[in-house]
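# Summary of structural features
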Amino acid sequence: MTLTDFGLIRPPVLAGAALLRDELLRQDTGRQKEGWATARVVLVDEESRSPVVWPAPGVEDADTGPRLWTRAAIEAAGSPPPDALLLGEVDGVAYWAVRGGPEQAAAGDEIRWLNLFSVGAELSDRDAALLAAAVALLNWHGRALFCARDGSPTRQANAGWARICEAQHHEEYPRTDPAVICLVHDGADRMLLGRHRAWPAGRFSVLAGFVEAGESLEACVAREIGEEVGLDVTDIRYLGSQGWPFPRSLMLGFHAVADPAQPFRLDETEISEALWITRDEVREALARGDDWATADDSPATVTPPIRLPGRMSIARIMIESWSAAG
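Residues numbered from 1 in each chain as written. Predicted model: local features only at pLDDT ≥ 70, side-chain atom pairs only at ≥ 80, totals over all residues. Heavy atoms only, no water.

### Focus: the sheet that holds strand β3 (residues 67-68)
Quick note on the threshold: Criterion used throughout: strands pair if DSSP finds at least two bridges between them. Helix and strand definitions follow DSSP, with helices as H or I runs of at least four residues and strands as E runs of at least two, each counted in order from the N terminus.
If you trace the three strands from one edge of the open sheet to the other, you get β3-β2-β7, paired in antiparallel fashion. Every interior strand has two partners, whereas the edge strands, β3 and β7 (111-115), have only one. Sheet topology note: the strand β2 (residues 49-53)/β7 ladder contains five bridges and is antiparallel. Across the sheet, Val52 pairs through a bridge with Arg112, a residue of β7.

### Some thoughts on the nonpolar core
Filter applied, for reference: Side-chain atoms within 4.5 Å are what join buried Ala, Val, Leu, Ile, Met, Phe, Trp, Tyr and Cys residues into a set we call a nonpolar core. Relative accessibility thresholds used throughout: buried, under 20% of the residue-type maximum; exposed, over 50%; partly exposed, between the two (1.4 Å probe, protein chains only). A contact between two residues is defined here by any heavy atoms of the two lying within 4.5 Å.
By size, the foremost hydrophobic cluster in this structure holds 51 residues, and its most contacted members are Leu87, Leu183, Met191, Leu193, Val206 and Ile319. Tallying contributions element by element places helix α5 (residues 125-143) first for this core, with eleven residues. Every residue in contact with Val206, bar those within four places of it in the chain, is listed here: Ile181, Cys182, Leu183, Met191, Leu192, Leu193, Ala315 and Ile319.

### Things to note about helix α7 (residues 279-288)
The condition is simple: This arc corresponds to the set of directions leading from the helix axis out to the C-beta atoms.
For α7, the complete set of buried residues consists of Arg279, Val282, Ala285 and Leu286. On an axial view of α7, the arc spanned by its buried residues comes to 120°, and they lie on one face. Against β12 (190-196), β16 (271-278) and α8 (314-325) lie the buried residues of α7. Once α7 ends, the next one or two residues include Gly289, with phi positive near 65°.

### Comments concerning the state of the cysteines
Selection rule: Throughout, a disulfide means two cysteine sulfur atoms within 2.5 Å of one another.
Going through the model one piece at a time under the given rule, you end up with zero disulfides. Cys165 takes part in no disulfide bond, and the closest cysteine sulfur, belonging to Cys147, lies 3.8 Å away.

### Here we look at the side chain of Ser313
Convention followed: By the criterion applied in these results, polar contacts are pairs of N or O atoms within 3.5 Å in which, for protein atoms, one can donate a hydrogen and the other can accept it, and in which residues neighboring in sequence qualify only through two side-chain atoms.
Inspection of the secondary structure puts Ser313 in the loop between α7 and α8. By relative accessible area, which is 15% here, Ser313 ends up buried. Of note is the side chain of Ser313, whose polar atom sits 2.9 Å from the backbone nitrogen of Ala315. Contact partners of Ser313, with chain neighbours within four places excluded, come to Gln242 and Trp244.

### Structural notes on the pairing of strand β5 (residues 85-90)
Counting buried positions along β5 gives six out of six residues, so the element sits mostly inside the fold. In terms of strand pairing, β5 meets strand β6 (residues 93-99) through five bridges, oriented antiparallel. When the bridges of β6 are listed, Leu85 appears paired with Ala97. Hairpin connection from β5 to β6: two residues lie between these consecutive antiparallel strands, with Asp91 at a positive phi of about 55°.

### Observations concerning the sheet that holds strand β9 (residues 162-165)
Taken together, three strands build an open sheet; the order of strands is β8-β9-β10 and the sheet is antiparallel. Since the sheet does not close on itself, it has two edges, and those belong to β8 (154-157) and β10 (171-172), each with one partner. Examined bridge by bridge, β8 and β9 share four bridges and lie antiparallel to one another. Among the inter-strand pairings, Gln156 is bridged to a residue of β9, identified as Arg163.

### Focus on α5
The cut-off we apply is this: The span one expects for a helix is its residue count, reduced by one, times 1.5 Å.
Over its 19 residues, α5 runs 27 Å from end to end, which matches the ideal 27 Å to within 8%, given 1.5 Å per residue. Taking burial as the measure, the 19 residues of α5 include 14 buried ones, the bulk of the element.

### Considerations on the packing of aromatic side chains
Stated precisely, the cut-off is as follows: Pairing of aromatic side chains requires ring centres within 6.5 Å, counting the rings of Phe and Tyr and the six-membered ring of Trp. Pairs whose planes differ by under 30 degrees are stacked, by over 60 edge-to-face, and all others tilted.
Evaluation of the coordinates by the stated rule reveals five aromatic pairs. Ring centres of Trp36 and Trp96 lie 5.4 Å apart, and the angle between their planes is 80°; this geometry places the pair in the edge-to-face category. Residue Trp36 is located in the loop between α2 (29-35) and β1 (40-44), and its partner Trp96 is located in strand β6; the two are separated by 60 residues in the primary sequence. Taking the relative accessible area as the measure of exposure, Trp96 reaches 2% and is therefore buried. Taking 5.9 Å as the distance between ring centres and 80° as the angle between the ring planes, the aromatic pair formed by Phe117 and Trp244 counts as edge-to-face. With Phe117 in helix α4 (residues 116-119) and Trp244 in strand β14 (residues 234-244), this residue pair connects regions lying 127 residues apart in the sequence. The partly exposed category is assigned to Phe117, whose relative accessible area is 43%. Trp244 sits in the buried class, given a relative accessible area of 14%.

Any functional reading would require information beyond the geometric quantities listed.
What follows is the structure in C-alpha cells.
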C-alpha cells in the first residue's frame, strides 16, 4: 500500500448490518401480529431524542455501557398500532418505532434523553442501527404527508416503509440524499482541512457536498473540491459509506490527491478557512481528544487548537485511517 492508497481502519458508525431489513415481513401483517408478543419499541420524541440507559459513575463493566432503552411492545398495545413503524429484526426479535416522550418510558437517574448525533458512537452496533432507522423513518413520515405529484393526503403502508396517495394511489418511499465526503491529501504527508463559515474558530473537517441530478460520485468529488476550495483533484478512490439521518443523507467517503502548491480559491459562502496539515499535526489533534463532541466552543483570546470531527462521523474514521497509513 502506498501513501496514495489507504483503507478505513474500522467501519464507521452506522455502517454495519446489525438490523435485518426484511421486506417480506413488512408486507406480512400475520407475522407482524405473531411477533408482537416479543417485539420491542423504540421511542423517539419530537426533537429526535430517545431514552438511553447510562451507566452509573465509576462502573467499568464492559456490559454496562450506554444502551438504547426499548419498551416491550405488548405493554404499549395488544397489536401493532397503525402509526407504528417496523424497523426490522435483530436475533429474531422485531423492533418498531413510534413517537413518544418521557411519559411512555422508564424513569430514573440512569435514563437520559439523547439524540443519535450525541450518543451514536457510544452505542452498540444494534442500538445505533435501530436509532438511526427510527429517526430517519419517523422524520420522513413527518415530511411526506402529502403526495408529491398531486398534493393529496398520503397514508402509511408496508409497516411504515411506504406511503400511498389517497387520490391516485401513487406510492412514495423513504428518500435518501447521497453526499460525497472526501479526504484530500498530497500523496505524501499532508492533508486538507476546511472550516465552514458557521463553525467556531478551530473546528475543521474534510470537505463534503451533495450529489447533483445525473452526476456520478467521482464527478461530484471533483466538482465539490473545485467549488469549495478551488483545487483540482486526481486519483479519486472510494473508502466506505455511512448512513447519516440528519435528516436523510448517505455519506459516501472518498480520498483524492491535490497539489498543495495550487492556490486556494475559497467559496466564502460556505468555507471561511482552509489549510494543509501534516500527519504529525493530525496525530497531535487526535491525541488531544479535543473533538467536536467534547470541545468548548466559547470564544478564545488566542488561536484555538485544531478540533477534528467526533467519533460519530465517517470524517473522523477517514482522518484516523489516513493518519495511520504513513
